[in-house]
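The lines below spell out each chain.
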Amino acid sequence: MATKQWSSTAPPGEFRPYVDASETIAEFSLRAVILGSLFGVLFGAVSVYVGLRAGLTVSASIPIAVLSISILRAFGRSTILENNIVQTTGSAGESVAAGVIFSMPALIFLGFSLNAEYWRIFFLALMGGWLGVLFMIPLRRQLIVKEHGNLTFPEGTACADVLVAGERGGSFASRVFWGLGLGGVYTFCMNTFGLWPSQPEYQPKWLPGASFRANITSEYLGVGYIIGPRVSGTLFAGGVISWLVIMPAIKFFGSLSGNLALYPSTIPIGQMTPDQLYGSYIRSIGAGAVAASGLITLIKTLPTILSALTAGIKDIRAKQAAAAAAVSRTERDMSMRVVLIGSAVIVMMVWALLKFKPIPGAMTSGFADFLAAVFVVTFGFLFVTVASRISGLIGNSSNPISGMTIATLMATCAVFLLIHWTSTADQVLALTIGGVVCIASAIAGATSQDLKTGYLVGATPYWQQVALVIGVMVSSFAIGGTLILMNIGLAQYKPLKIALDIDHLQPGVDVQERGYTYNGKSYVLVNALGSHEVPDGKYLYDPATREIEVQWVQGIGSDQAAAPQARLMATVISGILNQRLPWRLVFLGVFLVIAIELLGVRSLPFAVGSYLSIATTMAMFAGGLVRWLAEQGLEKKSDAESEVSPGSLYASGLIAAGGVFGLLAIILNLMQDPELSKHVPHWLAIVFRLPWPAKMFALGEKVPGISHVPAVGVVLFVLLAISLFVSARQKLNN
């Protein structure tokens, strides 16, 4: 094994992998695959939780590699290639989760139920993930090998450095475990016991319509630290513009209109709370901003797209011509036959899913289903190629996946509009196409980073590709369940009164279910999307009083899980096919982004920040501020070194703690709430429908003097931030 001076950034002519191609050591072992699969399930679930709440995900490869080195070492000597298989298998969970949460929750915003769609989410995640892995196989040689020195793949390079340091005796896992432990205690006491408020808030009387608030969670603090002060500051700037400039302006000028309600709100502006202003106006402005910034980012990368496609096609031809010559262990890929047959099978799986198991009320023709499958493969190959190359240039975390998905949806919906496919079923069909492409693009970016890590340490590409296929399949089981769990566990039923003539419904309001039971009473379940008389959402209508009496706020789409990208997907689909968008608000967001671009600022994080609640962006900005303070007086590090800094490892533990213990709090809440637990799928009913004592863990209600004081939460969040600062300033033991 190479023990001489090894460098992951050595120029192409001098580079040698850490493990030489002539060496054969343990790699694709049973323990590596099992541990990687467990990490895939864990980090897939955590990524769903964090991504739905924060609107972005962070790479899981490095914390998985760090934990793998420590855990496998406890069971005996492990090899660097085994640890690489663990992180390759496990990182698939985070990647598939990102693609799923950016797209599939749009079903809710289009008016469909997500709670009974576990297997649909599983198969779409599986098909999208496998498609991304398969399409990356013929691109590996061009992007990873031939472009070494040109495409840096920052996360992949940093992960290789971690694996090599671990092989040489470095131990970084204690930082992750400290973050996981302290963050876990903090999250459990706040979310489960309710010992202090999770969202302190101040609404100044001197600025009506504004709200200063922060969701003081460990995962937001960790995410903010990892993305750094520049990105977190740009995110927060978007929140400041929305919550402290636009909302007070709407409140000021709107109050002059008296009792007039301005669409899309059905409440006079003078009577609206900050939350109502945000839900009615800011989300539409933010959706326009995110869509515009995604398309601008995509346009900027058009030269890269064209060169990536050209290089990819050339490499496929060259690989086919020289297939017999590729016999080296470090050059062995899955065969092109597997790629072609696998792609054909996925096309048939997409068609079969749409044909034989459509969403209730969304049945389409066989020809439409086949066209959708063709679109999936066409756009899939295009954006897998693009995502892989962009990932090599700027990193996976900065990959404009949402922009590519928007482009897919716009092209698909434009075709549908031309051939008059504008029904609700066609909207779901368009979402299916965009969802699978989104997942394939997300996994392709992460796969590129993993294959780069493997190239640097001397892994066998074939076994990495097999590990990715396994990782996608295993993590897909957890992702759908976590998505549904959050949608049910974070749901709320809010009383309200809205008069409604159910016999003469206006466009945008539909009856979804009669005989819906809530608190022992029968209601009519009504869905509103783009209506001028009822705000978007689901409602319980009482036929006796002829009024809507309860609003069913589903977990996904609420303040606790905003899912901004998924709402954007629904906005694009509904806006093009139904043409019922509040276009004036959308264009406000578009021109806001154009102004930001003219200032020379990256508009995508700003746009996402303008859409998210300021509670999210303020907490993440706190993490970015801690990193800025921690790096004062230290020499500037390279991208690879910053990825494996003591602060980033501790922050990874905080993120994992927030996800794991946040999900635990949701599960415990479901166990104690009979109205929510009845929506849990039947195969989980045996756990959630047991007679658990009501409010068994609500210790905060027994000490109300503390649990309702915002200052307590602020002080404890500051202490958690101080622990992150202290950890970041300490040196690693390597």
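What you see is a predicted model; the values in this text were computed from it and never measured. (Residues numbered from 1 in each chain as written. Predicted model: local features only at pLDDT ≥ 70, side-chain atom pairs only at ≥ 80, totals over all residues. Heavy atoms only, no water.)

**Q** Looking at this model, I keep getting lost on the overall build of the protein. Mind explaining?
**A** Within the protein one finds 26 helices and 7 strands. Looking at the protein as a whole, 61% of its 734 residues qualify as buried. Put simply, 80% of the contacts in the protein that link residues at least 6 apart link residues at least 24 apart. (Helix = DSSP H or I, 4+ residues; strand = E, 2+ residues; numbered from the N terminus. Buried < 20%, exposed > 50% of the residue type's maximum accessible area, 1.4 Å probe, protein only. Contact = heavy atoms within 4.5 Å.)

**Q** What am I meant to see in the side chain of Asp-369 here?
**A** Structurally, the position occupied by Asp-369 is in helix 13 (residues 366-394). If we skip the residues at most four places from it in the chain, Asp-369 touches Trp-351, Leu-354, Lys-355, Thr-364 and Leu-429.

**Q** In this structure, what is going on with the packing of helix 1 (residues 30-54) against helix 9 (residues 218-254)? I would like to understand it.
**A** Each pair of packed helices gets described by two things: the angle between the helix axes and the distance between those axes. Interaxial distance between helix 1 and helix 9 falls to 11 Å at its minimum, and their mutual angle equals 80 degrees. Accordingly, the angle class assigned to the pair helix 1 and helix 9 is roughly perpendicular. Packed against helix 1, whose contacting residues are Tyr-49, Val-50, Arg-53 and Ala-54, the element helix 9 presents Glu-219, Tyr-220 and Val-223 at the interface. Tallied by class, residues from the contact of helix 1 with helix 9 come to 5 nonpolar, no polar and 2 charged. (Axes fitted to C-alpha atoms, helices over the stretch in contact; angles between N-to-C directions. Parallel < 35°, antiparallel > 145°, perpendicular 65-115°, else oblique. Nonpolar A, V, L, I, M, F, W, Y, C, P; charged D, E, K, R; others polar.)

**Q** How should the packing of aromatic side chains be read in this particular structure?
**A** The relative placement of two aromatic rings is captured by the distance of their centres and the angle of their planes. According to the stated counting rule, one finds 26 aromatic pairs in the structure shown. Between the aromatic rings of Trp-119 and Phe-122, the centroid separation amounts to 5.5 Å while the plane-to-plane angle is 85 degrees, which identifies the pairing as edge-to-face. Linking Trp-119 with Phe-122, this pair stays in helix 5 (residues 118-136), spanning 3 residues, or about one helical turn. Assessed through its relative accessible area of 45%, Trp-119 is described here as partly exposed. Residues Tyr-186 and Trp-196 carry aromatic rings whose centres are separated by 5.4 Å and whose planes lie at 50 degrees to one another, so their mutual orientation is tilted. Note that Tyr-186 is positioned in helix 8 (residues 173-192) and Trp-196 in the loop between helix 8 and strand 1 (201-202), a separation of 10 residues in sequence. Summarising the burial analysis for this pair, Tyr-186 and Trp-196 share the class buried. In this structure an aromatic cluster arises from ring pairing among Tyr-118, Trp-119, Phe-122, Phe-123 and Phe-477. Taking NZ or CZ as reference, Arg-332 lies 4.9 Å from the ring centre of Tyr-462, over its face. Over the face of the ring belonging to Tyr-225 we find Arg-627, whose NZ or CZ atom lies 5.7 Å from the ring centre. (Phe/Tyr/Trp six-rings, centres within 6.5 Å; stacked < 30°, edge-to-face > 60°. Lys NZ or Arg CZ within 6 Å of the ring centre and 35° of its normal.)

**Q** How should the sheet that holds strand 6 (residues 537-542) be read in this particular structure?
**A** Within a sheet, each strand pairs with its neighbour through backbone hydrogen bonds, oriented either parallel or antiparallel. Taken in spatial order, the 5 strands make up an open sheet running 3-7-6-5-4, and their pairing is antiparallel. Bordering the open sheet on either side are strand 3 (492-499) and strand 4 (509-518), each of which pairs with just one other strand. Strand after strand, the sheet turns through a mean of 30 degrees between neighbouring axes, direction not considered. Alignment of strand 6 against strand 7 (residues 547-553), held across 5 bridges, turns out to be antiparallel. (Pairing = 2+ DSSP bridges.)

**Q** Just checking my understanding: could you explain helix 3 (residues 80-101) for this structure?
**A** Since the α-helix turns once every 3.6 residues, residues separated by three or four places project in the same direction. Here helix 3 contains 22 residues, and its C-alpha end-to-end distance of 32 Å stays within 8% of the 32 Å for a straight helix at 1.5 Å per residue. Within helix 3, 22 of the 22 residues are buried, which leaves it mostly tucked inside the rest of the structure. (Expected span 1.5 Å × (residues − 1).)

**Q** What is the right way to read the pattern of salt bridges from this model?
**A** Two side chains bearing opposite charge may form a pair once their charged atoms approach each other closely. By the definition in use, this model includes 16 salt bridges. The shortest N-O distance in the salt bridge between Glu-82 and Arg-31 comes to 3.1 Å. In this pair, Glu-82 is assigned in helix 3 and Arg-31 in helix 1, connecting sequence segments 51 residues apart. Relative accessible area serves as the criterion here: at 28%, Arg-31 is assigned to the partly exposed category. One salt bridge connects Arg-140 with Asp-333, and the closest N-O pair in it is separated by 2.7 Å. Highlighted residues: Arg-140 in helix 6 (residues 140-146) and Asp-333 in the loop between helix 11 (302-321) and helix 12 (336-356), separated in sequence by 193 residues. (Salt bridge = Lys/Arg side-chain N within 4 Å of Asp/Glu carboxyl O.)

**Q** Would you take a moment to explain a nonpolar patch on the surface for this structure?
**A** Together, Leu-625, Trp-628, Leu-629, Val-714, Val-715, Val-718, Leu-719, Ile-722, Phe-725 and Val-726 make up an exposed nonpolar region whose accessible area comes to about 830 Å². Taken together, the elements giving at least two residues each to the nonpolar patch come down to helix 20 (614-630) and helix 26 (710-729). Structurally, the position occupied by Val-714 is in helix 26. (Patch = residues over 30% accessible without salt bridge, like charges linked within 9 Å, V, L, I, M, F, W, Y side chains within 5 Å. Areas by Shrake-Rupley, 256 points an atom, 1.4 Å probe, with all protein chains shown as cover.)

**Q** What's the story with the nonpolar core in this structure? I'm lost.
**A** One broad trend across soluble globular proteins is that nonpolar side chains are buried collectively. Within the largest apolar cluster, 158 residues are counted, with the highest numbers of intra-cluster contacts made by Leu-52, Val-100, Leu-483 and Met-486. Setting aside anything within four residues of it in sequence, one finds Leu-483 in contact with Val-48, Leu-52, Val-100, Ile-101, Pro-105, Leu-114, Ile-121 and Ile-556. (Core = buried A, V, L, I, M, F, W, Y, C linked by side-chain atoms within 4.5 Å.)

**Q** What's the story with the confidence of the model for the protein in this structure? I'm lost.
**A** Parts of the model with low pLDDT should not have their predicted coordinates read in detail. Scored by pLDDT, the protein has a mean of 81; 85% of the residues are at 70 or more. Mean pLDDT values over the elements of the protein span from 50, in helix 21 (residues 639-643), up to 93, in helix 26. (pLDDT = per-residue confidence, 0-100.)

**Q** Could you clarify how one ought to interpret unusual backbone geometry in this entry?
**A** One can expect most non-glycine residues to show negative phi and most peptide bonds to be in trans. At Asn-519, a residue that is not glycine, the phi angle is positive and equals roughly 55 degrees. Position of Asn-519 among the secondary structure elements: in the loop between strand 4 and strand 5 (521-528). One non-glycine residue, Arg-546, lies in positive phi territory at about 55 degrees. Here Arg-546 lies in the loop between strand 6 and strand 7. With relative accessibility at 39%, the residue Arg-546 sits in the partly exposed group.

**Q** What is the right way to read helix 9 from this model?
**A** The terminal C-alpha atoms of helix 9, which comprises 37 residues, lie only 37 Å apart, well short of the 54 Å expected from a rise of 1.5 Å per residue. At Gly-228, helix 9 is deflected by roughly 120 degrees, the largest bend along its length, and proline Pro-229 occurs up to four residues later in sequence. (Bend = angle between axes of the 7 residues up to and from the residue.)

**Q** For this particular structure, what's the right way to read the environment of Thr-432?
**A** Within the element layout of this structure, Thr-432 appears in helix 15 (residues 424-457). Overall, Thr-432 belongs to the buried group, its relative accessible area being 8%. A C-alpha to C-alpha distance of 8.6 Å links Thr-432 and Ser-103, two positions 329 residues apart in sequence. Beyond its immediate stretch of four places on either side in the chain, Thr-432 contacts Leu-124 and Leu-354.

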